[in-house]
Amino acid sequence: MSREHIDEVSGISTTGHEWDGIRELNNPLPRWWVITFYATIAWALAYTVAFPAWPMLSSATRGVLGYSSRNNVKNELAAAEAAKGKYIAAIQEKTILEIAADDALREFAVASGGATFKVNCVQCHGSGAQGSKGFPNLNDDDWLWGGKAEEIQQTITHGIRFAPDLDTRQSEMPAFADVLQPEQISQVSAYVASLSGPVLDKTLIQSGANVFADNCAACHGEKAKGNREVGAPDLTDAIWLYGSGESAIAAQVRAPKQGVMPAWGARLGETKVKELAVYVHSLGGGE
């Protein structure tokens, strides 16, 4: 049996552990540390008794305090719904113009409509509503069917060229490849392109203007400013849904693309549609 070793410098016994001639002193733990350690054990035991802790076969111990994080979340959600209730009720009763004129309701509608937009609209119009080829930008002032709040509401509710909805907005550009000669399509494409930018062959512009007057002015107007009653776009600005330039315009004249927007009224309900319309109108392009 080995004799207890006492450190010569400190006078404290060692544990018997030695590494490279260095011995470990057998100092007792500080009393405060020992007390804290036992206190944490007592706290842990008390916690497992007071709160849900021990897993069972199909559930866990409930704890004597009856605490439940699920119930807390449920109560918080119920409180949030109750707080929103007065705003939702007001939005249900008021017109979209009345909502826009009420600061509190408008702020609530913009927040709620923004969330609805992110779930249902970003797939086509983009996360910032900036649109893409074939999907309009909702931030500018260029509106096919009108950018007033009630007009936006109408478009969202009934959609565009959406067959199941009888009140959907309808318009259809003919495929002029079946009507016009190839040279006439080149001429009218050059004319339309010249309304917002330079063209390669200026000699086509005048003859293209004549083709436009005979075939296109009925919808787009004599000055090509468009007609919102039929969803005909303004051809004089630099905003193009399916691409700019003579070749893109010619392709649209020959075989036009006809976009479709779902009718969201039945899916979202009148209240959500109002909120969504207020949000879209608030993006800056609303009139």
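Residues numbered from 1 in each chain as written. Predicted model: local features only at pLDDT ≥ 70, side-chain atom pairs only at ≥ 80, totals over all residues. Heavy atoms only, no water.

Quick look at the pairing of strand 1 (residues 14-19)
Move 1: Here strand 1 pairs with strand 2 (residues 22-25) via 3 bridges, running antiparallel. In the sheet register, T14 faces strand 2, and the bridge partner there is L25.
Move 2: Here strand 1 folds back onto strand 2, and the loop between the two strands holds 2 residues, one of which, D20, carries a positive phi near 50 degrees. (Pairing = 2+ DSSP bridges. Helix = DSSP H or I, 4+ residues; strand = E, 2+ residues; numbered from the N terminus.)

With respect to the UniProt feature "transmembrane region" (unreviewed entry) in the chain
Move 1: On the UniProt side, "transmembrane region" (unreviewed entry) is annotated at positions that read residues 32-54 here.
Move 2: Counted over residues 32-54, helix gives 83% and strand 0%. Its end C-alpha atoms are 30 Å apart. (UniProt positions renumbered as here; feature names shortened; annotations may be inferred.)

Side note on the nonpolar core
Move 1: By size, the foremost hydrophobic cluster in this structure holds 26 residues, and its most contacted members are F117, I156, L276 and V280.
Move 2: Every element with two or more residues in this core is listed here: helix 2 (69-93), helix 3 (96-101), helix 4 (103-120), helix 6 (149-158) and helix 12 (270-282).
Move 3: With 6 residues, helix 12 is the single largest residue contributor to this core.
Move 4: Here I156 is in contact with M261, P262, A263, W264, G265, V273, L276 and A277, once residues within four sequence places are set aside.
Move 5: Grouped together as the second largest cluster of nonpolar side chains are 18 residues, Y191, F212, A217 and V253 included. (Core = buried A, V, L, I, M, F, W, Y, C linked by side-chain atoms within 4.5 Å. Buried < 20%, exposed > 50% of the residue type's maximum accessible area, 1.4 Å probe, protein only. Contact = heavy atoms within 4.5 Å.)

Notes on the UniProt feature "domain: Cytochrome c" (unreviewed entry) in the chain
Move 1: Per the UniProt record, "domain: Cytochrome c" (unreviewed entry) is annotated on residues 108-196 and 203-284.
Move 2: Span residues 108-196 is 45% helix and 0% strand, its end C-alpha atoms 40 Å apart.
Move 3: For residues 203-284, the helix share is 50%, the strand share is 0%, and the end-to-end C-alpha distance is 40 Å.

Considering helix 4
Move 1: Taking 1.5 Å per residue, 18 residues should reach 26 Å; helix 4 reaches 25 Å between its end C-alpha atoms and fits that length.
Move 2: Of all the residues in helix 4, the buried ones are L105, F108, A109, S112, G113, G114, T116 and F117. (Expected span 1.5 Å × (residues − 1).)

Details of the pattern of salt bridges
Move 1: Overall, the coordinates contain 5 salt bridges when judged by the stated rule.
Move 2: We note a salt bridge from E18 to R23, for which the minimum N-O separation is 3.6 Å.
Move 3: On the accessibility criterion, E18 (43% relative accessible area) is partly exposed.
Move 4: With relative accessibility at 38%, the residue R23 sits in the partly exposed group.
Move 5: In this structure, K272 engages E275 in a salt bridge whose closest nitrogen and oxygen atoms are separated by 3.7 Å. Of this pair, K272 and E275 both sit in helix 12, 3 residues apart, which is roughly one turn of the helix. (Salt bridge = Lys/Arg side-chain N within 4 Å of Asp/Glu carboxyl O.)

Looking at the side chain of S112
Move 1: Within the secondary structure layout, S112 lies in helix 4.
Move 2: With a relative accessible area of 14%, S112 lands in the buried category.
Move 3: Setting aside anything within four residues of it in sequence, one finds S112 in contact with K272 and E275.

Overview of the environment of E229
Move 1: Summarising the element assignment, E229 is placed in the loop between helix 9 (217-220) and helix 10 (246-254).
Move 2: Residue classification places E229 among the exposed positions, given a relative accessible area of 71%.

Details of the packing of helix 2 against helix 12
Move 1: Interhelical geometry of helix 2 versus helix 12 gives an angle of 90 degrees and a closest axis separation of 9 Å. Here helix 2 lies roughly perpendicular to helix 12, going by the angle between them. The segment helix 2 lies against helix 12, with I88, I91 and Q92 engaging T271, K274 and E275. (Axes fitted to C-alpha atoms, helices over the stretch in contact; angles between N-to-C directions. Parallel < 35°, antiparallel > 145°, perpendicular 65-115°, else oblique.)

Examining the packing of aromatic side chains
Move 1: The tally for this structure, following the rule as stated, stands at 8 aromatic pairs.
Move 2: Linked through ring pairs, W43, Y47, F51 and Y67 together constitute an aromatic cluster. (Phe/Tyr/Trp six-rings, centres within 6.5 Å; stacked < 30°, edge-to-face > 60°.)

Re a nonpolar patch on the surface
Move 1: Taken together, the side chains of L29, W32, W33, F37, Y38, I41 and L45 define a hydrophobic patch exposed on the protein surface, amounting to about 800 Å² of accessible area.
Move 2: Mapped onto the elements, W32 comes out in helix 1 (residues 31-50). (Patch = residues over 30% accessible without salt bridge, like charges linked within 9 Å, V, L, I, M, F, W, Y side chains within 5 Å. Areas by Shrake-Rupley, 256 points an atom, 1.4 Å probe, with all protein chains shown as cover.)

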